[in-house]
Amino acid sequence: GGGAGASGGSGGSGAMRGAGGAGSPGGGGRAGSGTLSSMTSFFVTSVGIGARGGNYGGLAGADARCQARAAAVGLRKTWHAYLSTIQRTDVSGSATVHAKDRVGSGPWYDVHGLMVAPDVATLHAMGPISDHMWTETLQAVPYEEHDIVTGSSDAGEAIAMGDNPADPPQCRNWTSSDDADNAEVGHWDWSQPPCADPIVRPCTGGPPSWNASHESEGCSEAGLRVHGSSGRLYCFAID
């Protein structure tokens, strides 16, 4: 929630704390600087998941990662990871949950207090542009880690690993580190060159998309890294 401001435009209120420094290597010259806005309600996690790969410990574990990253920089809100799951009889305790239904109602603001999207419909119709894709520590996300795990369609809905709805859910609903499984990923740099070029499309797989570009090569740490993922997540404040 919060004050006014058009998507990608100005808005936002006071700073919370100093942050910044140089952008991450490979960040295309985007440097983190300034102060973290108290209105922040969207960020990309500053670290990946490491050896656990796609095993976040289910949705609850993924949410806890977002909550921990937010708390570390003083953001006192309730945070959810942008992930979907699918109900399957062979996956214990599973349920169909759509990422679009987990992020609150908006509006959301980036770490600089600029509006990302006013509501769920606009978020999925327009997408958060790459200029809003910063970590909670105000750092740029490296281009070599541009695959952000979502397990979702471009509409923000749950999808199976393959074309058949009977295929296993994404990383077994975020409990698998097995390369027999995989995960749908989006590109944080989807809206800027060279990813946004509709002809060249140098980004791995499919058309540019922040939440549904292609599948990973597996759910292990190595499987995620093949196309450029360290298991980073999109985090949204739901209140």
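Reference entry: report on the structure contained in this document. (Residues numbered from 1 in each chain as written. Predicted model: local features only at pLDDT ≥ 70, side-chain atom pairs only at ≥ 80, totals over all residues. Heavy atoms only, no water.)

1. A look at the overall build of the protein
Stated formally: Secondary structure follows DSSP: runs of H or I at least 4 residues long count as helices, runs of E at least 2 residues long count as strands, and numbering of each begins at the N terminus. Any two residues having at least one pair of non-hydrogen atoms within 4.5 Å are treated as being in contact. Shrake-Rupley sampling with a 1.4 Å probe provides the accessible areas, and residues are treated as covered by the protein chains on show and by no other component.
Assigned secondary structure in the protein consists of four helices and ten strands. Ordered by position from N to C terminus, the α and β elements of the protein give β-β-β-α-β-β-β-α-β-α-β-β-α-β. Put simply, of all contacts in the protein between residues at least 6 apart along the chain, 71% involve residues at least 24 apart. Only carbon and sulfur atoms are counted for the fraction: they give 54% of the accessible area of the protein, which is about 9300 Å².

2. Describing the environment of W174
This is how the line gets drawn: Classification of residues uses two cut-offs on accessible area relative to the type maximum, computed with a 1.4 Å probe and protein chains only: under 20% is buried, over 50% is exposed, and between them is partly exposed.
Tracing the sequence through the fold places W174 in helix α3 (residues 171–174). In this structure W174 comes out as buried when scored by relative accessible area, which is 0%. In this structure the C-alpha to C-alpha distance between W174 and A60, which are 114 residues apart in sequence, comes to 9.7 Å.

3. Re the state of the cysteines
This is how the line gets drawn: Working definition: a disulfide is two cysteine sulfur atoms within 2.5 Å of each other.
By the definition in use, this model includes two disulfides. The disulfide that involves C66 links it to C235, with 2.0 Å between the sulfurs. Given an S-S torsion of about -75°, the disulfide between C66 and C235 has left-handed geometry. One end of the pair, C66, is in helix α1 (residues 58–72); the other, C235, is in strand β10 (residues 234–237), and 169 residues separate them in sequence. Residue C66 shares its accessibility class with C235, and that shared class is buried. Here C171 engages in a disulfide with C219; their sulfurs sit 2.0 Å apart. Residues C171 and C219 share a disulfide whose torsion about the S-S bond is about -95°; that sign makes it left-handed. On the criterion of sequence distance, the pair formed by C171 in helix α3 and C219 in the loop between β9 (214–215) and α4 (221–225) is long-range, its members being 48 residues apart. By the burial criterion, C171 is buried, and C219 matches it.

4. A short note on unusual backbone geometry
Residue P107 is bonded to the preceding G106 through a cis peptide linkage, with omega at 0°. Summarising the element assignment, P107 is placed in the loop between β4 (79–81) and β5 (108–109). Non-glycine residue N173 carries a positive phi angle of around 55°. By the secondary structure assignment, N173 is in helix α3. By relative accessible area, N173 is classed as buried at 7%. In this structure, W174 takes a positive phi of about 70° despite not being glycine.

5. Here we look at the pattern of salt bridges
For clarity, the threshold we go by: We count a salt bridge whenever a side-chain nitrogen from Lys or Arg sits within 4 Å of a carboxyl oxygen from Asp or Glu.
The tally for this structure, following the rule as stated, stands at four salt bridges. Linking R69 and E136 is a salt bridge whose minimum nitrogen-to-oxygen distance equals 2.9 Å. One end of the pair, R69, is in helix α1; the other, E136, is in the loop between α2 (120–126) and β7 (147–149), with 67 residues separating them in the sequence. Exposure remark for R69: the relative accessible area of 27% places this residue in the partly exposed category. Looking at E136, the relative accessible area reads 0%, which means it is buried.

6. What to know about the sheet that holds β7
To keep things clear, this is the line we draw: By this definition, two strands are paired if DSSP reports at least two bridges between them.
Ordered by their spatial adjacency, three strands build an open sheet running β7-β8-β9, and the pairing between neighbours is antiparallel. The sheet is open, and its two borders are formed by β7 and β9, each paired with just one other strand. As defined by bridge partners, β7 adjoins strand β8 (residues 184–187) across three bridges and the pair is classed as antiparallel. Residue pairing in the sheet places I148 in a bridge with G186 of β8.

7. Looking at the packing of aromatic side chains
For the record, the criterion: Ring geometry is summarised as follows: Phe, Tyr and Trp rings, the Trp one being its six-membered ring, pair when their centres sit within 6.5 Å, and such pairs are stacked at plane angles under 30 degrees, edge-to-face over 60 and tilted between the two.
Enumeration over the complete set of coordinates arrives at nine aromatic pairs. Ring plane angle 50° and centroid distance 4.9 Å describe the contact between F42 and F236, whose orientation is recorded as tilted. Remark: F236 occurs in strand β10 and F42 occurs in strand β3 (residues 42–44); sequence separation between them is 194 residues. Just as F42 is buried, F236 falls in that class too. Considering the side-chain rings of Y82 and Y234, the 6.4 Å spacing of their centres and the 80° angle between planes classify their relative orientation as edge-to-face. In this pair, Y82 is assigned in the loop between β4 and β5 and Y234 in strand β10, connecting sequence segments 152 residues apart.

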